[in-house]
Amino acid sequence: MVLALWVGGLVVVLVAVGLFVFGLRRRLIQRSGGTFDCSLRWDISPEPDPSGKGWVYGVARYHGDRVDWFRVFSYSPRPRRGLERSAIEVVARRLPEGEEELALLSDSVVLGCLHRGTRLELAMSEDALTGFLAWLEAAPPGQRVNVA
């Protein structure tokens, strides 16, 4: 009986520590500012896929001429993807369709992009999209930026 209580208490403590570290990581990512909720679907086919498969919820952070993208459900302090401003080409903009509406945050807008030849989609709020497009267009003189 004592062993069961001890093991149960240990499990509760480990879960609490895991959740604390999870929250601390999110705070550290957001501490430097310029973050927004952003779902990502990487290396997709040219045809739209309304099934909702492949979307990963994350947080994006502006970092100079890059946007660093972090998975929300991860303990890694490093970004999963880095998108350079000069390599992003916006090719489409649309609203979520079909089951995508369930996979994405409400009121998301899907932005189809090319990054170094890789097709990807970013889903973010309308406000975040406005900021993202302004950031793309605010590239220093001489940099090529393609916004559809």
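Predicted, not measured: the structure shown is a model, and the values here were computed from it.

With twelve residues, helix H3 (residues 126–137) should reach 16 Å at 1.5 Å per residue; the first-to-last C-alpha distance of 17 Å fits that figure. The complete set of buried residues in H3 reads Ala-128, Leu-129, Phe-132, Leu-133, Trp-135 and Leu-136. On an axial view of H3, the arc spanned by its buried residues comes to 155°, and they lie on one face. Turned more than 90 degrees off the buried face of H3, the exposed positions are Asp-127, Thr-130 and Glu-137.

Right, let's talk about the nonpolar core for a bit. Residues Leu-122, Met-124 and Phe-132 are the most contacted members of the largest nonpolar core, which totals 21 residues. Sorting the residues of this core by element identifies strand S4 (66–71), strand S6 (88–94), strand S7 (108–115), strand S8 (118–125) and H3 as the ones contributing at least two each. Considering each element in turn, this core owes the most residues, six residues, to H3. Residues contacting Leu-122, with those up to four places away along its chain left out, are Cys-38, Ser-39, Leu-40, Trp-55, Leu-83, Val-109, Val-110, Leu-111, Cys-113 and Phe-132.

To continue, consider the environment of Pro-46. By the secondary structure assignment, Pro-46 is in the loop between strand S2 (39–42) and strand S3 (58–63). The exposed category is assigned to Pro-46, whose relative accessible area is 57%. When the C-alpha positions of Pro-46 and Gly-33 are compared, they lie 33 Å apart, and in sequence the two are 13 residues distant.

What follows deals with the packing of aromatic side chains. Under the counting rule described, the total for this entry stands at four aromatic pairs. Relative to Tyr-62, the ring of Phe-36 has its centre 5.2 Å away and its plane inclined at 40°; by these criteria the two rings are tilted. Linking Phe-36 in strand S1 (residues 35–37) with Tyr-62 in strand S3, this pair joins segments that are 26 residues apart in sequence. Assessed through its relative accessible area of 10%, Phe-36 is described here as buried. Accessibility expressed as a relative area gives 23% for Tyr-62, which makes it partly exposed.

Turning to the UniProt feature "transmembrane region" (unreviewed entry) in the chain, a few remarks are in order. UniProt records the feature "transmembrane region" (unreviewed entry) for residues 6–24 in the present numbering. Taken end to end, residues 6–24 has its terminal C-alpha atoms 27 Å apart, with 100% of it in helix and 0% in strand.

Let's shift gears to the environment of Leu-122. Within the element layout of this structure, Leu-122 appears in strand S8. A residue is classified by how much of its surface remains accessible, and Leu-122, at 3% relative accessible area, is buried. With 14 residues separating them in the primary sequence, Leu-122 and Leu-136 have C-alpha atoms 14 Å apart.

Here Asp-43, not a glycine, exhibits a phi torsion of approximately 55°, which is positive. As for its placement among the helices and strands, Asp-43 is situated in the loop between S2 and S3. A positive phi is found at Arg-116, a non-glycine position, where the angle reads about 55°. With respect to the helices, strands and loops of the structure, Arg-116 is situated in the loop between S7 and S8.

Turning our eyes to something else, we now look at the pattern of salt bridges. If you walk through the whole model with that rule in mind, you get nine salt bridges. In this structure, Arg-85 engages Asp-65 in a salt bridge whose closest nitrogen and oxygen atoms are separated by 2.4 Å. In this pair, Arg-85 sits in the loop between strand S5 (81–84) and S6 while Asp-65 sits in the loop between S3 and S4, placing the two residues 20 residues apart along the sequence. Three or more residues are tied together by salt bridges with common partners; here these are Arg-41, Arg-94, Glu-100 and Glu-121.

Rules of the game
- Residues numbered from 1 in each chain as written.
- Predicted model: local features only at pLDDT ≥ 70, side-chain atom pairs only at ≥ 80, totals over all residues.
- Heavy atoms only, no water.
- Helix = DSSP H or I, 4+ residues; strand = E, 2+ residues; numbered from the N terminus.
- Expected span 1.5 Å × (residues − 1).
- Buried < 20%, exposed > 50% of the residue type's maximum accessible area, 1.4 Å probe, protein only.
- Arc of directions from axis to C-beta.
- Core = buried A, V, L, I, M, F, W, Y, C linked by side-chain atoms within 4.5 Å.
- Contact = heavy atoms within 4.5 Å.
- Phe/Tyr/Trp six-rings, centres within 6.5 Å; stacked < 30°, edge-to-face > 60°.
- UniProt positions renumbered as here; feature names shortened; annotations may be inferred.
- Salt bridge = Lys/Arg side-chain N within 4 Å of Asp/Glu carboxyl O.

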